[in-house]
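Structural characterization, general
Listed here are the chains, written in short residue letters.
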Amino acid sequence: MHGMDGVYLQPDIKDDPKPTRHRADHEEKRMTENKQEMVTINGKDYALADLSDEVKAQINNIRTCEAEIGRLRALQAITETARGTYARALEAELAKIEPKISASN
């Protein structure tokens with residue numbers, strides 16, 4: 001996840017809509033080896049248990065924002081698709097009638 005301030009959080013498997021088997025194996029191995037949940041920030045791994053509550057809160061805030069951005073992008077795609085459908089329906093209906101005034105006048 002990339003923020004405007006350049007912070008990069010490697011998404012957790014649960015945050016990744018299409019996790020690959022390789023990725024899941026890597027995360028499982030990392031969790032098994034360390035016996036604790038890890039988070040990657042700007043390419044560096046941190047044990048979640050070692051982070052302060054403030055750091056955990058900021059990570060949660062970033063993840064929440066990224067999830068909301070994803071939701072809004074999906075909503076935008078849906079809305080743009082609907083708009084295109086409405087525009088085509090409008091054009092089809094307008095093709096059935098004769099305009100009163102030409103657009104070039």
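Parameters at a glance
Residues numbered from 1 in each chain as written. Predicted model: local features only at pLDDT ≥ 70, side-chain atom pairs only at ≥ 80, totals over all residues. Heavy atoms only, no water. Patch = residues over 30% accessible without salt bridge, like charges linked within 9 Å, V, L, I, M, F, W, Y side chains within 5 Å. Areas by Shrake-Rupley, 256 points an atom, 1.4 Å probe, with all protein chains shown as cover. Salt bridge = Lys/Arg side-chain N within 4 Å of Asp/Glu carboxyl O. Helix = DSSP H or I, 4+ residues; strand = E, 2+ residues; numbered from the N terminus. Buried < 20%, exposed > 50% of the residue type's maximum accessible area, 1.4 Å probe, protein only. Expected span 1.5 Å × (residues − 1). Contact = heavy atoms within 4.5 Å. Polar contact = N/O pair within 3.5 Å; in protein donor to acceptor, adjacent residues only side chain to side chain.

1. Quick word on a nonpolar patch on the surface
The grouping of Leu-72, Leu-75 and Ile-78 at the surface amounts to a nonpolar patch, some 280 Å² of accessible area in total. Examined against the element boundaries, Ile-78 turns out to sit in helix H2 (residues 53-94). Given the relative accessible area of 56%, Ile-78 is considered exposed.

2. Details of H2
Here H2 spans 60 Å end to end across 42 residues, near enough to the 62 Å set by a 1.5 Å rise per residue. Among the residues of H2, Ile-59, Arg-63 and Glu-66 are the ones counted as buried. Those residues of H2 hidden inside the fold are in contact with strand E1 (38-41).

3. Quick word on the pattern of salt bridges
Enumeration over the complete set of coordinates arrives at 2 salt bridges. The partner of Glu-68 in a salt bridge is Arg-71, with the nearest N and O atoms 2.7 Å apart. Of the two residues, Glu-68 and Arg-71 are both situated in helix H2; the distance of 3 residues between them amounts to about one turn of the helix. The partly exposed category is assigned to Glu-68, whose relative accessible area is 34%.

4. Some points on the side chain of Thr-40
Here Thr-40 shows up in strand E1. Taking the relative accessible area as the measure of exposure, Thr-40 reaches 5% and is therefore buried. Engagement of the side chain of Thr-40 in a polar contact is seen with the side chain of Asp-45, the distance being 2.5 Å.

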